[in-house]
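Letter by letter, the chains look like this.
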Amino acid sequence: MRNTIALLLTLLAAPAVFSQNGLHLLKTFDHKHGTTSGVSYSGSWGYVGPDGREYAILGTATGTAIIEITDTANIHEIAHVAGPTSIWREMRTYKDHLYIVSEGGLGVQIVDLSLLPNSIDLVRNFVYTSGTKNTAKSHTIEIFDGYMYLNGCANWYPGGVLIFSLADLNNPQYLGEYQPPGTGNQRYVHDCYVRHDTIYAASIYQGGGLNIGSVANKAAPAHIATISYDGSGTHNVWTTSDGRYAITTDEIGNTVKSLKIWDLSSIPTPPPEPTTTYQFNPSDIEHNVFVRGKYAYVAYYTAGIVVVDMGSPETPATAGWYDTSTLSGYEGVWAVYPYFWSGKVTAGDMQNGLYIFTFDSLQARTPTSLFEPADQIVMCSGDPLTFRWSRVADPAQDPLQYWLRVKGPSIDSTFKVGTDTSFTLANPGVLGTGTFSWQLITVDEANQISSQDTFTFVRPGPAVAAPNGGESFKIFSQVPITWNWQCTDSLDLSYSTNNGSTWIDIARVPASPGSYPWNVPATPTSQARIRVRDVADTTRIDISNAAFTIFNSASITLADPNGGEVWQGGSVQQIVWSSTLVDSLRIEFSTDAGANWSTIVADTTASIGSYDWTVPLSYIGAASIRLVDLYNNTVFDESDATFAVALTSFDVTGGWNLVSIPVTPDNPDASTNFPHSVSHAFAYEASYVEADTVSEGVGYWIKYNEARTLPALGPLITSDAFPLASRWNLIGSISSPVAVSSASVTPVTNVLSNFFGYSADSGYTIADTIKPGRGYWVKASLPGELILSSSFANPSTRITIVPTSELPPAPPDEQANGGDRTSNIPTVHLLSQNYPNPFNPTTDFGLRIAEGGFVSLKIFDLLGREVSVLENEAKEAGYYTLTWNALNSPSGMYYARLTVTDASGKPMYRETKKIVLTK
């Protein structure tokens, strides 16, 4: 508020000397960072680091300077925090952070000082916004007990005190606002001081006076009283160390410019007038007051720094003074910082910079010493635990508080002790067990300084030595449980089979032997743990660091069928296994992937390793085998994946084959029913068409590189009616042979040609029997149906055959004249489902490439990682079969992705199939 009354006053200047009434000048430091309105410096504060180094903090015209003053012979600036240009700047510290405000903007600048003495870190510029109001500009800041108070926020009307929590040092959290009662600018708070849960707010304008409120509830502060006095311009306030008196300064107004000392004992009834006042010089204006011990340190315009003895608040007396300004005009000291441990006192002169003093009556603090518990002591007892330390200062002369911090494996707590030099923890059990450290934090209005000599002590618990994780033990074996325990007592031993969710008692034993022979229970598990617990103090406990295994050494491993096989119904197949320490086993069979089981043989000798099983004569699509130890059903094994039981099969040869599906297909996918083919399946509908799916009663062309036997997966067909068109028809078969002469036709007037089968060696030949799995050509004179049945047909509907010299259409890739033919080039790109699927360890993929291009077929796992590349090169149009050997890959789900691109790299086709590897 300097320039508001600059023209009203003429201040007295006094020559500077090195010592004035007990206040001794040690050093000055003037390193300007700009000047505005004739002013180079503003607010000042201080900081003491954990290592005892001391730093003055000084507001400049363009920011804030951090100046090390530990060695007064080597005062130097560590850093300068750039800020908005302003003649108003104030700051406070909390823990190892600095908080700066200015009327120039940027909100609260938050600076991390933990890097000192090397550097500092400007963390952020914090601005709190609520609707149209914000904290971009604040006149002053105070921090007490972990809470930040912002005063005089220009963009916050009316301007009370905004309260923030500093639990997170870098991210203040808004809690509430203290708003003194009144009208207009009486609500404005220029500066404040907080003692415990009471706020003292200086309202400088229009006789606002001193407002006192409760901030016990930071979200809803409550007003207590207002101390009013004529002509007040209350600028700043502090209290005496005992909180009995408030000391105010007046910068403006027509009141006498003096320190006013108010007796607060009558609050909430405000005192009608000050108990007394203090003037250093009637012409001088006091700016800010700070109290340490029984002394008030006052910053004066033109009078510099004055120390006032407040030992008897009714009769304050000058104890020391020093005039920093030799110039006339409204200049001088902004603030005084008397809280350095060394006894230094700093003052910031608005024109001349930093002044460093000692004061005869301000004694340096002595770093604390920690007495008990002794360093590295082992605390076996559960009795109350006392912490004791030495004083750092006389609390009557230098008020402070001690906070005790205890930190360990399960605790990091700070106990607020007050001024006592001991603290007793009634229940040490709250600490848990382990090695702990403890240290003292000395707290005053400005600092929280931790003791350098941190002590450690041990509050042990019994420690499991073995089994401690990773071991494996056979059921019924005997193993030693061992432990370490420094305190003689009894222990409870217990074990868990579910990683500590529940515990089962073993025994209560003396602690001193350190070992106990344990009979391992007959409960196989991979999640076993041991627990030891002190009988006298059940909070002292330890469990195995990690799980160990209890196993039954017996084992069974099923080798065949283990998934993916196709066994013929009615055939005799070997179930094969290996076993260890199993005498007899039961063999079980499931037709629904393990949902239900039936017994194949109730008891067979395990050591023979195989069993000849007559496969059921029924179609089964999801079959499984399970082997169970007859005397311990926790020992078993079953097929890793399902297998199939087929009731029929058919053969193909190398080259083109005329085939059909002699069952109702369980899966209509053509690539599943014709695995390993080198062509697409072609049906006939007046011309050849590619068939992605197949059905019973239809004949298909399919091409193979070599002879194979193909299982027919699906229920048997005993009779069926196949549609006929008045042309050549490519028909299929049923599950049993049917003589052509036994077939029936509708309408009965329909005349058929001979039935033609096909072989690569002989070409077309006339067939007298329609065999399962084969395809046949027949030409009909009329539309109708061909009826095939395993029983004899009605003679009245039997077919009439008129031989013809015309042959059926040629296979798809033969180009003979006069025929209805198609080349062996696919019309569309296609990636067929792999076969078999699930598989172990190989499976095949059928590819149809309709147009030459760059072909890529890759295998990926569930995380999208590339596992294998089966093809990655240019290919001509045609049919291809690619095989993946997954011998070195783990069981699981994978994806096969086919990509076809043209010469320019433009995608023509992309398809992904899900595949399952089972081992």
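Residues numbered from 1 in each chain as written. Predicted model: local features only at pLDDT ≥ 70, side-chain atom pairs only at ≥ 80, totals over all residues. Heavy atoms only, no water.

Even after reading the chapter, I still don't get the overall build of the chain, so can you show me in this structure?
Of the regular secondary structure elements, the chain holds 1 helix and 82 strands. Whereas a compact globule of 919 residues would reach a radius of gyration of roughly 29 Å, the chain reaches 48 Å, over 25% beyond that. When its C-alpha atoms are laid out on the principal axes, the chain stretches across 140 × 75 × 50 Å. When the 919 residues of the chain are sorted by exposure, 51% land in the buried category. Sequence separation of at least 24 residues holds for 61% of the intrachain contacts in the chain that already meet a minimum separation of 6. Of the roughly 37200 Å² of accessible surface on the chain, a fraction of 49% belongs to carbon and sulfur atoms. Separation between the mean location of the 52 positive side-chain charges and that of the 84 negative ones in the chain comes to 2 Å. (Helix = DSSP H or I, 4+ residues; strand = E, 2+ residues; numbered from the N terminus. Rg over C-alpha atoms; globule rule 2.2 N^0.38 Å. Buried < 20%, exposed > 50% of the residue type's maximum accessible area, 1.4 Å probe, protein only. Contact = heavy atoms within 4.5 Å. Areas by Shrake-Rupley, 256 points an atom, 1.4 Å probe, with all protein chains shown as cover. Lys, Arg positive; Asp, Glu negative; His and termini not counted. Charge placed at Lys NZ, Arg CZ, Asp CG, Glu CD.)

Teacher, can you tell me more about the sheet that holds strand β80 (residues 878-885) here?
One key point about sheets: their strands pair by backbone hydrogen bonds, in either a parallel or an antiparallel sense. Taken in spatial order, the 3 strands of this open sheet run β76-β77-β80, and their pairing is antiparallel. Looking along the sheet, the strands with just one partner apiece sit at the ends: β76 (830-831) and β80. (Pairing = 2+ DSSP bridges.)

Before we go on, may I ask you to explain the packing of aromatic side chains in this structure?
A ring pair, where both rings are aromatic, is described by two values, the distance of the centres and the angle of the planes. If you walk through the whole model with that rule in mind, you get 52 aromatic pairs. Pairing Trp 438 with Phe 455 gives two aromatic rings, centres 5.9 Å apart and planes at 85°, and the pair type is edge-to-face. With Trp 438 in strand β38 (residues 434-443) and Phe 455 in strand β40 (residues 455-459), the pair connects residues that are 17 residues apart, well separated along the chain. Just as Trp 438 is buried, Phe 455 falls in that class too. One cation-aromatic arrangement involves Lys 218 over Tyr 147; the distance from NZ or CZ to the ring centre is 4.4 Å. Geometry around Phe 860 places Arg 897 over its ring, the cationic atom sitting 4.7 Å from the centre. (Phe/Tyr/Trp six-rings, centres within 6.5 Å; stacked < 30°, edge-to-face > 60°. Lys NZ or Arg CZ within 6 Å of the ring centre and 35° of its normal.)

In this structure, what is going on with the sheet that holds strand β43 (residues 478-484)? I would like to understand it.
One open sheet holds the 3 strands; their spatial order is β41-β43-β46, and the pairing between them is antiparallel. Pairing within the sheet leaves two strands with one partner each, and these edge strands are β41 (463-466) and β46 (515-519). Each adjacent strand pair in this sheet contributes to an overall mean axis angle of 35°, direction not counted. Sheet analysis places β43 next to β46, joined by 5 bridges and oriented antiparallel. Note on β46: the bridge partner recorded for Gln 478 is Asn 519. (Axes fitted to C-alpha atoms, helices over the stretch in contact; angles between N-to-C directions.)

Which parts of the structure should I look at to understand the pattern of salt bridges?
A pair can form between side chains of opposite charge whenever their charged atoms are brought close. By the definition in use, this model includes 26 salt bridges. Between Asp 30 and Lys 32 there is a salt bridge, and its shortest N-O distance comes to 2.8 Å. Given a relative accessible area of 38%, Lys 32 falls into the partly exposed group. With a shortest N-O distance of 3.1 Å, Glu 372 and Arg 388 are connected by a salt bridge. Here the residue Glu 372 occupies a position in strand β32 (residues 370-372), and Arg 388 occupies one in strand β34 (residues 385-389), the gap between them amounting to 16 residues. Here the salt bridges do not stand alone but share partners, grouping Arg 292, Arg 365, Asp 398 and Asp 444 into one network. (Salt bridge = Lys/Arg side-chain N within 4 Å of Asp/Glu carboxyl O.)

How do you make sense of the state of the cysteines when you look at a structure like this?
What makes a disulfide is a covalent bond joining the sulfur atoms belonging to two cysteines. Summed over all chains, the structure comprises 1 disulfide. Covalently, Cys 380 is tied to Cys 487 through a disulfide, its sulfur atoms 1.7 Å apart. With the S-S dihedral at roughly -80°, the linkage between Cys 380 and Cys 487 falls on the left-handed side. Of the two residues, Cys 380 sits in the loop between β33 (377-378) and β34 while Cys 487 sits in the loop between β43 and β44 (490-496), which places them 107 residues apart along the sequence. Using a relative accessible area of 36% as the deciding quantity, one classes Cys 380 as partly exposed. Free of any disulfide, Cys 153 has its nearest cysteine sulfur in Cys 192, 11 Å distant. (Disulfide = S-S within 2.5 Å.)

I keep staring at the side chain of Thr 604 and nothing clicks. Help me out?
Following the sequence through the fold, Thr 604 ends up in strand β54 (residues 598-605). Exposure remark for Thr 604: the relative accessible area of 10% places this residue in the buried category. Those residues in contact with Thr 604 that sit more than four places away from it in its chain are Trp 577, Asp 583, Ser 584, Leu 585 and Ile 587.

Quick question: what am I supposed to make of the pairing of strand β36 (residues 411-418) here?
Look at any regular strand and the pattern is simple: side chains alternate between the two faces of the sheet. Pairing geometry for strand β35 (residues 401-408) and β36, over 7 bridges, is antiparallel. In the strand pairing of β36, Lys 407 is matched with Asp 412. The hairpin turn running from β35 into β36, its antiparallel successor, is 2 residues long.

In this structure, what is going on with the side chain of Ser 868? I would like to understand it.
Tracing the sequence through the fold places Ser 868 in strand β79 (residues 866-875). Residue class for Ser 868 comes out buried when judged on its relative accessible area of 17%. Those residues in contact with Ser 868, other than ones at most four positions away along the chain, are Lys 858, Ile 859 and Trp 884.

Any chance you could explain the nonpolar core here in plain terms?
Side chains of a nonpolar character, in soluble globular proteins, are inclined to be buried together. Among the nonpolar cores identified, the biggest contains 113 residues, and Ile 67, Tyr 149, Trp 238, Phe 357, Phe 387 and Trp 438 are the most heavily contacted of them. Top element by residues in this core is strand β26 (residues 295-301). It accounts for 7 residues. Look past the residues within four positions of Ile 67 in its chain and what remains in contact with it is Phe 29, Glu 54, Tyr 55, Ala 56, Leu 58, Ile 75, His 76, Glu 77, Ile 78 and Leu 354. One finds Leu 558, Trp 567, Ile 587 and Val 645 within the second-largest nonpolar core, a separate group that totals 21 residues. (Core = buried A, V, L, I, M, F, W, Y, C linked by side-chain atoms within 4.5 Å.)

Would you take a moment to explain the environment of Asp 603 for this structure?
Mapped onto the secondary structure, Asp 603 falls in strand β54. Here the alpha-carbon distance between Asp 603 and Pro 180, two residues 423 residues apart in the chain, equals 93 Å. Here Asp 603 is in contact with Ser 584, Leu 585 and Leu 630, once residues within four sequence places are set aside. Of note is the side chain of Asp 603, whose polar atom sits 3.4 Å from the side chain of Ser 584. (Polar contact = N/O pair within 3.5 Å; in protein donor to acceptor, adjacent residues only side chain to side chain.)

Please clarify how unusual backbone geometry should be interpreted in this entry.
Backbone geometry follows two general trends: most residues other than glycine have a negative phi, and most peptide bonds adopt the trans configuration. Following Leu 116, the chain continues into Pro 117 via a peptide bond in cis, with omega recorded as 10°. Look at the link from Asp 560 to Pro 561: it is a cis peptide, with omega at 5°. The topology assignment puts Pro 561 in the loop between β50 (555-560) and β51 (566-568). The backbone of Gln 376 sits at a positive phi, close to 70°, despite the residue not being glycine. With respect to the helices, strands and loops of the structure, Gln 376 is situated in the loop between β32 and β33. Positioned with a positive phi, Asn 499 is a non-glycine residue whose angle comes to about 65°. You can call Asn 499 partly exposed: its relative accessible area is 37%.

Just to check I follow, could you spell out the environment of Val 345 for this structure?
The residue Val 345 is located in strand β30 (residues 344-349) in this model. Looking at Val 345, the relative accessible area reads 0%, which means it is buried. C-alpha of Val 345 to C-alpha of Thr 358: the two residues are 13 residues apart in sequence and 5.8 Å apart in space. Not counting chain neighbours up to four residues away, the residues in contact with Val 345 comprise Tyr 297, Ile 305, Val 336, Tyr 337, Pro 338, Tyr 355, Ile 356, Phe 357 and Leu 362.

Help me understand the environment of Asp 761 in this model?
Within the secondary structure, Asp 761 sits in the loop between β70 (755-759) and β71 (763-767). Sequence separation of Asp 761 and Thr 653 is 108 residues, and the distance between their C-alpha atoms is 9.7 Å.

From the geometry alone we can't say anything about function, so treat these as descriptive.
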